[in-house]
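As a plain string of letters, each chain reads:
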Amino acid sequence: MTTENGPEPSERKSRGWNPDDWPSRIRALAGGELTPVTPRRAATVLLLRDGAQGPSVHMLRRRASMAFAGGAYAYPGGSVDPRDERPVAWAGPSLADWAALLGVDEEASAQAVVCAAVRETFEEAGVLLAGSSPETVVEDTTGEDWEADRAALVAREQSFAEFLDRRGLVLRSDLLHCWARWITPEFEARRYDTWFFVAGLPQGQRTRNASTEADRTVWILPGEAAAGYDRGELLMMPPTIAMLRELQPYGSAAEALAAGEGRDLTPVLARAELRGEEIVLSWPGHAEFTMHIPVSEPETSASTGSNGTAGAGS
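The structure presented is a predicted model; accordingly, all values stated were derived computationally and were not measured.

A.B. asks: Any chance you could break down the overall build of the chain for me, citing the residues and the numbers?
C.D. replies: When helices and strands are tallied, the chain shows eight helices and 16 strands. Sequence-distant contacts, at least 24 apart, represent 72% of the contacts inside the chain between residues at least 6 apart. If you sum the accessible surface of the chain, you get close to 13300 Å²; carbon and sulfur atoms cover 47% of it.

Below, the structure is given as structure tokens:
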């Protein structure tokens, strides 16, 4: 059955990603036999640019060989590097303001999340939200010298703080707007506490597939990407498609960025329950992802669903 918003949740069996060990891990968690892994902090950025039909979002497809969400479409992002806490030249809201917004106790933790968002966007898309002053943004990040720096960051041969300091750059935290926060389900072996940000593509810069973890990148209208998911053509995780749907009403990147102010950043954490002969998996506030998995269902990769969270580089 198809509604105005696309197929019913029960029809989305091939649209999302989930490992074939989910049922057994959910049963183990419910039975007290599985201790949840502590989630790693991560950040993901939805880059937006305007076009004739409205704002497009930059997406990449993770290589099928990747252990986490192989073949799924996602946004540039990844885990926080402990060195992301090192002091950097900073523009925008204070670290105290960011800590309050992100819901973290320490200013260093807030800086690490924001730095991870900017660093991962540069590492995976070649886009840098930084400038030579608090009012400017780098206009071109192409060239052998930029590529050498990007590769050194990916290889962890230099910290993001060292990179910015050597180039005399100021991190533009004011160009980021926090959109949502999702935490990978407790039964997952790999868990991430991920903040999702939106940002406009800086004038003069252009994206490229700079990630070794992706085999394709696209600029695509949120509605077009969501329709591809609904047809079963684009594999995505719940936060990915949820944010595409939330971006659809906006007619420009500026409108979407403005909507990033005052967003509800209550973490979205999936709930798994054993109800009789089935496992009910749900994401609060996102009914379309609810799954009913028979307890006796064969544990194959063809089972239903989508996964929790994290960016492409996690």
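A.B. asks: Let's hear about the pattern of salt bridges: which residues, and what values?
C.D. replies: Any two side chains of opposite charge can pair, so long as their charged atoms come close to each other. Under the counting rule described, the total for this entry stands at 21 salt bridges. Across the pair Asp215 and Arg61 runs a salt bridge whose closest N-O atoms are separated by 2.9 Å. Taken as a pair, Asp215 in strand 12 (residues 214–220) and Arg61 in strand 4 (residues 54–62) lie far apart in primary sequence, 154 residues in all. As a salt-bridge pair, Arg167 and Asp145 come within 3.4 Å of each other at their nearest N and O atoms. With Arg167 in helix 5 (residues 160–167) and Asp145 in helix 4 (residues 144–154), this pair connects stretches of sequence that are 22 residues apart. Judged by its relative accessible area of 25%, Arg167 falls in the partly exposed class.

A.B. asks: Break down the side chain of Thr207 for me, with residues and values.
C.D. replies: With respect to the helices, strands and loops of the structure, Thr207 is situated in the loop between strand 11 (192–200) and strand 12. Within the local environment of Thr207, its side chain forms a polar contact with the side chain of Trp219, the two groups lying 2.9 Å apart.

A.B. asks: Outline the sheet that holds strand 14 (residues 271–275), supporting the account with residue identities and numerical values.
C.D. replies: Pairing between the strands of a sheet is mediated by backbone hydrogen bonds and can be parallel or antiparallel. With respect to topology, three strands assemble into an open sheet ordered 14-15-16, the strand pairing being antiparallel. Of all strands in the sheet, those bounded by a partner on one side alone are strand 14 and strand 16 (291–294). Taking each pair of neighbouring strands and ignoring which way they run, the sheet shows an average axis angle of 20°. The pairing of strand 15 (residues 278–282) with strand 16 spans four bridges and is antiparallel. Among the inter-strand pairings, Ile279 is bridged to a residue of strand 16, identified as Ile293. Contacts between helix 1 (residues 22–30) and the sheet are confined to strand 14, strand 15 and strand 16, with strand 15 contributing the most and set at about 90° to the helix.

A.B. asks: Account for the environment of Gly77, with residues named and values stated.
C.D. replies: Mapped onto the elements of the fold, Gly77 is located in strand 6 (residues 77–79). Accessibility expressed as a relative area gives 0% for Gly77, which makes it buried. Separated by 42 residues in sequence, Gly77 and Arg119 have C-alpha atoms that sit 8.5 Å apart.

Criteria and thresholds
Residues numbered from 1 in each chain as written. Predicted model: local features only at pLDDT ≥ 70, side-chain atom pairs only at ≥ 80, totals over all residues. Heavy atoms only, no water. Helix = DSSP H or I, 4+ residues; strand = E, 2+ residues; numbered from the N terminus. Contact = heavy atoms within 4.5 Å. Areas by Shrake-Rupley, 256 points an atom, 1.4 Å probe, with all protein chains shown as cover. Salt bridge = Lys/Arg side-chain N within 4 Å of Asp/Glu carboxyl O. Buried < 20%, exposed > 50% of the residue type's maximum accessible area, 1.4 Å probe, protein only. Polar contact = N/O pair within 3.5 Å; in protein donor to acceptor, adjacent residues only side chain to side chain. Pairing = 2+ DSSP bridges. Axes fitted to C-alpha atoms, helices over the stretch in contact; angles between N-to-C directions.

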